[in-house]
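What follows is each chain in one-letter form.
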Amino acid sequence: APMGDVMTYECLKVERHGPVGWLINNRPDQLNAMNARMRDEFAEAWKELDADPDVRVIVHTGEGRAFQTGVDVAEIATDGVGMERYRQSLEDFDLHFTAWHQEVWKPVITAVNGICAGGGFHWIADADIVICASDAQFFDPHVSVGQVVSIEAVGLMRKMPAEAVMRMAFLGRHERMPAARAHELGMVSEIVDPPERLRERAQELAETVARNSPAAMAATKRALWGALEFGLTDACRAGAAELVSLWGHPDQTEGPQAFADKREPRWAPPA
């Protein structure tokens, strides 16, 4: 988005550090629970970073001692509308708060600082790479407060053992999964210790990813996420189409040339 149109956010922070766009949950006093305002801001913030040609990779994290703790239960309990406010969007499956919902084809890294609970799993299920601080804790309290575990867990079951997801779903708020177990299960690919280094490491990882061809990564992301939708043959067919879609793109020539010249490639800007 041109600088004049950049939204001002109340519940999120949007930052840019080199080729890395940062999306930071910013309701630390509410453990970054998602109120109606934050929900609306997510829809805008993902699109703003996705549209910025200088941003090659997006990192998503939280301020304070929690990454995200789901919907703001205090707002739900006191606004006189309760869960009804979300009925239409869910019945229509018209959601806009993750990169996947917003069809962001840039790589997304979720960096979990501290507590991730309930709806917080949306951003784990829908990220490309997930890392966490060594003091991160994961649990899903939905059934403990009379709510249903569904969309986030369905996404997670495509990416890690189903039984581990079900265990979290049925134990609710009565068991917390530590970082080491999340790593063992493949929910996260890296634990950062000490926790204070989380953002530094996320930036480092993002800058490394950003060295690769934006066009090739976008096609890769479409192929790999598409594979979660299809059976094997259909997924491979769709993947083959993404592969061929890049033929004739300048990055296809530049990549091998840079390798032969022993220099960093100069990629075409993201489409």
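Coordinates for the structure precede this section.
Note that the structure is predicted; figures quoted are calculated from it, not measured.

Thoughts on the overall build of the protein
Okay, step 1: If you tally the helices and strands in the protein, you get eleven helices and ten strands.
Okay, step 2: With 271 residues in all, the protein has 48% of them scored as buried.
Okay, step 3: Once local pairs closer than 6 in sequence are excluded, the contacts in the protein between residues at least 24 apart make up 71%.
Okay, step 4: Here the protein has roughly 13,700 Å² of accessible surface; of this, 56% comes from carbon and sulfur atoms.
Okay, step 5: For the protein, the distance from the average site of its 27 positive side-chain charges to the average site of its 41 negative ones is 3 Å.

Focus: the layout of surface pockets
One simple way to see leftover space: roll a probe sized like a water molecule over the atoms.
Okay, step 1: Approximately 900 Å³ is the volume found for the largest pocket.
Okay, step 2: In terms of lining residues, the largest pocket is bounded by 37 residues, among which Val71, Met83, Gly119, His142 and Gln147 are the most central.
Okay, step 3: Mapped by element, the contributors of at least two residues to the lining of the largest pocket are α2 (73–78), α3 (87–91), β6 (115–117), α4 (122–125) and α5 (151–157).
Okay, step 4: Partitioning the lining of the largest pocket into residue classes produces 20 nonpolar, ten polar and seven charged.

Here's the deal with the environment of Pro270
Okay, step 1: Tracing the chain through its elements places Pro270 in the segment after α11 (250–261).
Okay, step 2: When the C-alpha atoms of Pro270 and Asp54 are compared, they prove to be 8.6 Å apart, with 216 residues separating the residues in sequence.
Okay, step 3: Contacts of Pro270, omitting those with residues within four sequence positions, involve Pro53, Arg56 and Pro214.

Basis of the calculations
- Residues numbered from 1 in each chain as written.
- Predicted model: local features only at pLDDT ≥ 70, side-chain atom pairs only at ≥ 80, totals over all residues.
- Heavy atoms only, no water.
- Helix = DSSP H or I, 4+ residues; strand = E, 2+ residues; numbered from the N terminus.
- Buried < 20%, exposed > 50% of the residue type's maximum accessible area, 1.4 Å probe, protein only.
- Contact = heavy atoms within 4.5 Å.
- Areas by Shrake-Rupley, 256 points an atom, 1.4 Å probe, with all protein chains shown as cover.
- Lys, Arg positive; Asp, Glu negative; His and termini not counted.
- Charge placed at Lys NZ, Arg CZ, Asp CG, Glu CD.
- 1 Å grid on protein atoms, 1.4 Å probe; cavity = no way out; pocket = protein on both sides within 12 Å on 5 of 7 lines; lining within 4 Å.
- Points joined across faces, edges and corners; volume = space filled by probe spheres on them.
- Nonpolar A, V, L, I, M, F, W, Y, C, P; charged D, E, K, R; others polar.

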